Amino acid sequence: MEKMTRVSGTVSGCTMFCHLDAPANAISVCRDATQVVVAGRNIFKIYGLEEDGFVERLNLRVGRKPSLNFSCADVMWHQMEENLLATAATNGAVVTWNLARPCRNKQEQLFTEHKRTVNKVCFHPTEVNMLLSGSQDGFMKCFDLRKKESVSTFSGQSESVRDVQFSIKDYFTFAASFENGNVQLWDIRRPDRYERMFTAHTGPVFCCDWHPEDRGWLATGGRDKMVKVWDMSTNRVKEIYCVQTIASVARVKWRPERRYHLATCSMMVDHNIYVWDVRRPFIPFATFEEHKDVTTGIVWRHQHDPYFLLSGSKDSTLYQHMFKDASRPVDRANPEGLCFGLFGDLAFAAKESLMSAPQSVGDVGRKTYPGGDRRYPIFFFKKPDVTEQFAQVSSALSVFESEAGSSVGMDWFINTAQSYLLSGKPFAELCEHNAQVAKRLNRPQESTTWTMLRIMFSEPANPSLSSNHNLNKSGNLPLVNSVAFDHKTFTFTLFLAARKSLQTVYEDVFLCAENEETEGSEGQAEYLFGDAELDDDDLYSMEHDNQAEEPEYLLPQEAFPLRHEIMDHPSAPEPVQEKPESPHVSGSEAESTCLTPMESFSLISVSQLLFSPHLPPKFFCPIVKEMLCYYAEQGDVQMAVSVLIVLGDRIRKEIDELTQEHWYMSYIDLLQRFELWNVSNEVIKLSTCGAIMCLNQTSTTLHINCSNCKRPMSNKGWICDRCHQCASVCAVCHHVVKGLFVWCQGCSHGGHLEHVMEWLKQSKHCPAGCGHLCEYT
Amino acid sequence: NSIVWSCVFQVSVINTVDTSHEDMIHDAQMDYYGTRLATCSSDRSVKIFDVKNGGQILVADLRGHEGPVWQVAWAHPMYGNILASCSYDRKVIIWKEENGTWDKMYEYTGHDSSVNSVCWGPYDFGLFLACGSSDGAISVLTCSGDGHWDIKKINNAHTIGCNAVSWAPAVVPGSLIEQPTGQKPNYIKRFVSGGCDNLVKLWKEEDGQWKEDQKLEAHSDWVRDVGWAPSIGLPTSTIASCSRDGRVFIWTCDDPAGNTWTAKLLHKFNDAVWHVSWSITGKILAVSGGDNKVTLWKESVDGQWACISDVNKGQGAVTSITDSQQNEQ
């Protein structure tokens, strides 16, 4: 406790580094955390840790030609004797150094008992004179620093020793890790055999580290890229945690004051230092990414301070890392996944601690909305749990389905695609059908559009009659094409129609008009549509004048005197002549523009009389085009394409090819995503764009056999290039088949469809007499 | 009298998928037909679920990454069932299903740091993939058909790292207006990326080389996700970007040459925004933020983006989450 308080007062500094002359192999700090020793093949120096940098204090590598004893694989600073250091030399020597020696050469003792590189030296944590070494030669030796030779030798009977570590709590115990994957526990009093042994890793175990507090915990790291934490306190050694790192683990060091944290570095590929929380073995808690080459030595600066980490590297630098400067991979990680599904559903994954909020809140969040007022918004919100820890993280994945009928969903798309009729019936019927479909699917806007299209583009039944000004009186003629209006107003209202879905009224108007006309009533009808912008609820007020018996057309305001001329020149009605540039003769236009502001009314008049049947459809084209573009812009290419197909030549030339192609492509793409292959095929067939039509022909291959020699036909024609006979002879009538040729894929014989069908009624065998039981699919 | 534009959307939870992932899930992606869901997690695994008819059956558990898997992406089904995943282990793995079993088809190890994002390009151009990495580079991998992959790497695309990539749809914006009729527009491969330099960048391929086309500046913190909207019936290009600064921008370009991009702030959230995702028609944008909520947005008639889902007033203020790592330290 006393120590800790002192620590927080004394250890301070920042992230800093210094260049070394040579790559470092190992580093070690003295007990009071003020100095660090760096050892390597060509370096052996002591640096002072100042507030703002490293200061070289001592170069232990002395002499003109330093002996191999200076070539260090490992170094350790004695934790009790602050002048005492030990190094493991690559030549097999174990050397101790006494900084208190007055001469330049600080070498104190030299043990040359190991035959090969010594990988590790370790002072006993409490016994001042005890030193342990582990070597490539497979032996561990225990030295008493007061004696010239080792006091005991431990033979692992395994392969090379990679690490030896005295237990911090058990006076007599040390752990050794081996290149063959084993870890052994020894009692220093019993050099004859190990106390326990277990296989910790596949491949070499490069390092091990006892937990500073939990006496039974040993962390091991291996070439198999794993760090494992073992509980040694039980009879059977138990693996309690396993962390998978990205590269082989060269060093492992428990983090002071943090029970579950440990730092690792790798021996190749990866230059970073990772700090893991063993409870969360997948993602590092923190990383230090400063080194440019392999990190060879890591050590926590003070045994009670978790914020300072020192590291040496092959890149010849010595770093002090501050924990606050570490990068946190979790910060970069996306805690949420989100995906808009095909059907308007949403997959949303988020941290569990956030998702599973207090139960009641979560439940409310889920249940109230979907069932509640539709006006209320969707919202997926879970209250965060502030007690969440780094270690305990999991995610919940929810799929939110769009509610039926909402625009987020795509049900409408599928239903519409399947129900629309695009061909095979007269135009008006197609429109009517599609209008009904849209209506049924609760899409009034589209429904009205179809209805309007029908009205606008339907061909009059008998054009010759249309110039007959007695038309309206004859009563039983189909009179459809009869919408007259002020151009601007109509455009305006049409757009309102497109945008505001108030079409039921509109539709009624037209239906009404049409019914009337077909019923044979006198048909002069005039409709006044309320200005939509002025009245939201009742956009169109309609006045229906059924009184006028004469063909003469009268407006309530007597505003259109010119229209009387229609009676005088029935073959060339005025408004028609003016269209489409200016739909009104000047006088009436003036009048109507006057009227609109005055009465707050726009005018649409419907009268069969005013139009010749030939021109109006053309007149609508720009508007329809704009409407289609509008739909497309809203993402409803379905509508755009369907209308395009149904209208066919009526509109096709108005819209440039590429736009059409784009619409088609988009629509076909969507259809295929929804696996609506039939609809997609129909659309492709009905399209008028070359690029679209050829979609059906690509990637279709027919493999055919000659019906005579039964070998595959290679050339394009119907003459087999092997037997030189025409392959497409009908097996029934023996004539060459022109047109539909059907053949059995088993025996290659076939013929005219009707002949083969006829034949198959009598016999199941091939009509060619080859004896094959033909199957036609 | 409801008006189409204010039509209210409703979404409900159909199921909570039990992924049995052992750590955080970082991404969930539905396939082209909407029948399968791929998830990836810190636990190094990628899982594939069959979600047909509201069910959720685990069909594959892909192991191969050695670090957290950040993102997954489905390729277009015309190339088979192919899934790409990218990970903290600096690898991109392309998985392929053959005869019901998933196997590694290709493993790309060309990045020096965590690979954060993968995205398949429009199928019209072939089978190719963009990968954005924390090493600041973006790689474009193109399958040459014989199992070989061509690599093109854009080094230093974003300093400190690239967080997200997203391809432009196959349609060239403006081609519908500009091109003379009958001439097939010359498709240009383009994608957008977002990075730790707070920038959104547009890239295009010219003569087989990738070039920076545009640099869009608006965010004041890391850009976490970018999404190029599907272009359905629209000649304009739209990109959504979101950032740790809590802002979501909608970038649009009406200019056929693709040079003028205008930013419109969709919303400023109180917390970091992690994801943006477009609906398949490109008209609705789903946004998920650090405060763990998903909101849906739609452009209204006047060109403003409106939230078609709104905060539940009953639930009180949104508490922002800060990872308890500060305390952990």
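Residues numbered from 1 in each chain as written. Chains lettered and ligands numbered in written order. Predicted model: local features only at pLDDT ≥ 70, side-chain atom pairs only at ≥ 80, totals over all residues. Heavy atoms only, no water.

How should I be thinking about the overall build of chain B in this particular structure?
Along its length, chain B carries two helices and 25 strands. For chain B, the proportion of its 329 residues judged to be buried stands at 61%. A separation threshold of at least 6 residues defines the contact pool for chain B, and within that pool the share at least 24 residues apart is 45%. A total accessible area of about 12,100 Å² is found for chain B, and carbon and sulfur atoms account for 45% of it. (Helix = DSSP H or I, 4+ residues; strand = E, 2+ residues; numbered from the N terminus. Buried < 20%, exposed > 50% of the residue type's maximum accessible area, 1.4 Å probe, protein only. Contact = heavy atoms within 4.5 Å. Areas by Shrake-Rupley, 256 points an atom, 1.4 Å probe, with all protein chains shown as cover.)

Would you mind going over the packing of helix α18 (residues 657-673) of chain A against helix α19 (residues 677-686) of chain A with me for this structure?
Packed helix pairs are specified by the crossing angle of their axes together with the interaxial distance, meaning the distance between the axes. All names here are of chain A. Their axes nearest at 8 Å, the elements α18 and α19 cross at an angle of 160 degrees. As summarised for this structure, α18 and α19 are arranged roughly antiparallel, according to the angle between their axes. The chirality of how α18 crosses α19 is left-handed. Where α18 abuts α19, its residues Tyr 664, Tyr 667, Ile 668, Leu 671 and Gln 672 lie against Trp 677, Val 679, Ser 680, Val 683, Ile 684 and Leu 686. Looking at the contact of α18 with α19 residue by residue, the class counts come to nine nonpolar, two polar and no charged. (Axes fitted to C-alpha atoms, helices over the stretch in contact; angles between N-to-C directions. Parallel < 35°, antiparallel > 145°, perpendicular 65-115°, else oblique. Left-handed = near helix turned anticlockwise from the far one by under 90°. Nonpolar A, V, L, I, M, F, W, Y, C, P; charged D, E, K, R; others polar.)

Can you help me understand the nonpolar core in this one?
Where a protein is soluble and globular, its nonpolar side chains tend to be buried together. Core analysis: the biggest nonpolar cluster contains 54 residues, and Phe 413, Leu 453, Val 624 and Val 683 of chain A have the highest contact counts within it. Discounting residues that sit within four places of it in the chain, Phe 413 of chain A has contacts with Gln 638, Tyr 667, Leu 670, Leu 671, Phe 674 and Leu 676 of chain A. Listed in part, the 36 residues of the second largest apolar core include Val 249 and Val 252 of chain A together with Cys 131 and Trp 149 of chain B. (Core = buried A, V, L, I, M, F, W, Y, C linked by side-chain atoms within 4.5 Å.)

Can you help me understand the confidence of the model for chain B in this one?
Predicted coordinates in areas of low pLDDT are best not read in detail. Residue and element names in this part refer to chain B. Looking at chain B as a whole, the pLDDT averages 80, with 81% of positions reaching at least 70. Of the regions scoring below 50 in pLDDT, residues 1-13 engages in 56 contacts with residues more than four places distant in sequence or in other chains. Throughout residues 310-329 the model reports pLDDT below 50, and contacts reaching past four residues in sequence, or to other chains, amount to 44 contacts. This complex was scored by the predictor with a pTM of 0.72 and an ipTM of 0.81. (pLDDT = per-residue confidence, 0-100.)

Can you walk me through the UniProt feature "repeat: WD" (unreviewed entry) in chain A in this structure?
Residue and element names in this part refer to chain A. Residues given the UniProt feature "repeat: WD" (unreviewed entry) here are residues 111-153 and 198-240. Each end of residues 111-153 is marked by a C-alpha atom, and these two atoms are 13 Å apart; helix forms 0% of the span and strand 53%. For residues 198-240, the end-to-end C-alpha separation is 14 Å, with 0% helix and 53% strand making up the annotated structure. (UniProt positions renumbered as here; feature names shortened; annotations may be inferred.)

Before we go on, may I ask you to explain the pairing of strand β15 (residues 190-195) of chain B in this structure?
Looking down a regular strand, the side chains alternate between one sheet face and the other. All names here are of chain B. In terms of burial, β15 is largely enclosed, as six of its six residues are buried. Side-chain alternation along β15 places Arg 190, Val 192 and Gly 194 on one buried face and Phe 191, Ser 193 and Gly 195 on a second face that is also buried. Where strand β14 (residues 162-167) meets β15, five bridges bridge the pair, whose relative direction is antiparallel. Residue Ser 166 lies in a different strand from β15, and its bridge partner there is Val 192. Taken together, the five bridges between β15 and strand β16 (residues 199-206) define a ladder with antiparallel strand orientation. Paired with Phe 191 across the strands is Trp 203, a residue of β16. (Pairing = 2+ DSSP bridges.)

Could you clarify how one ought to interpret the side chain of Arg 454 of chain A in this entry?
Here Arg 454 of chain A shows up in helix α7 (residues 444-457). In terms of polar contacts, Arg 454 of chain A uses its side chain to reach the side chain of Glu 432 of chain A, at 3.1 Å. (Polar contact = N/O pair within 3.5 Å; in protein donor to acceptor, adjacent residues only side chain to side chain.)

Quick question: what am I supposed to make of the sheet that holds strand β21 (residues 238-244) of chain A here?
The pairing of strands in a sheet happens through backbone hydrogen bonds and is either parallel or antiparallel. Residues and elements named next belong to chain A. Read from one edge of the open sheet, four strands run β18-β19-β20-β21, paired in antiparallel fashion. The sheet terminates laterally at β18 (205-210) and β21, the two strands that pair on one side only. Here the strands of the sheet are splayed against their neighbours by 20 degrees on average, with no regard to which way each runs. Strand direction decides the pairing type here: strand β19 (residues 217-222) and strand β20 (residues 226-231), joined by five bridges, are antiparallel. Directly across from Ala 219, in β20, lies its bridge partner Val 229.

Please clarify how the sheet that holds strand β15 (residues 173-178) of chain A should be interpreted in this entry.
Residues and elements named next belong to chain A. Overall, antiparallel pairing links the four strands, which are arranged β14-β15-β16-β17 in an open sheet. Strands at the two margins of the open sheet, each flanked by one partner only, are β14 (161-166) and β17 (196-199). This sheet shows a mean twist of 15 degrees between the axes of neighbouring strands, independent of strand direction. With four bridges connecting them, strand β16 (residues 182-187) and β17 associate as antiparallel partners.

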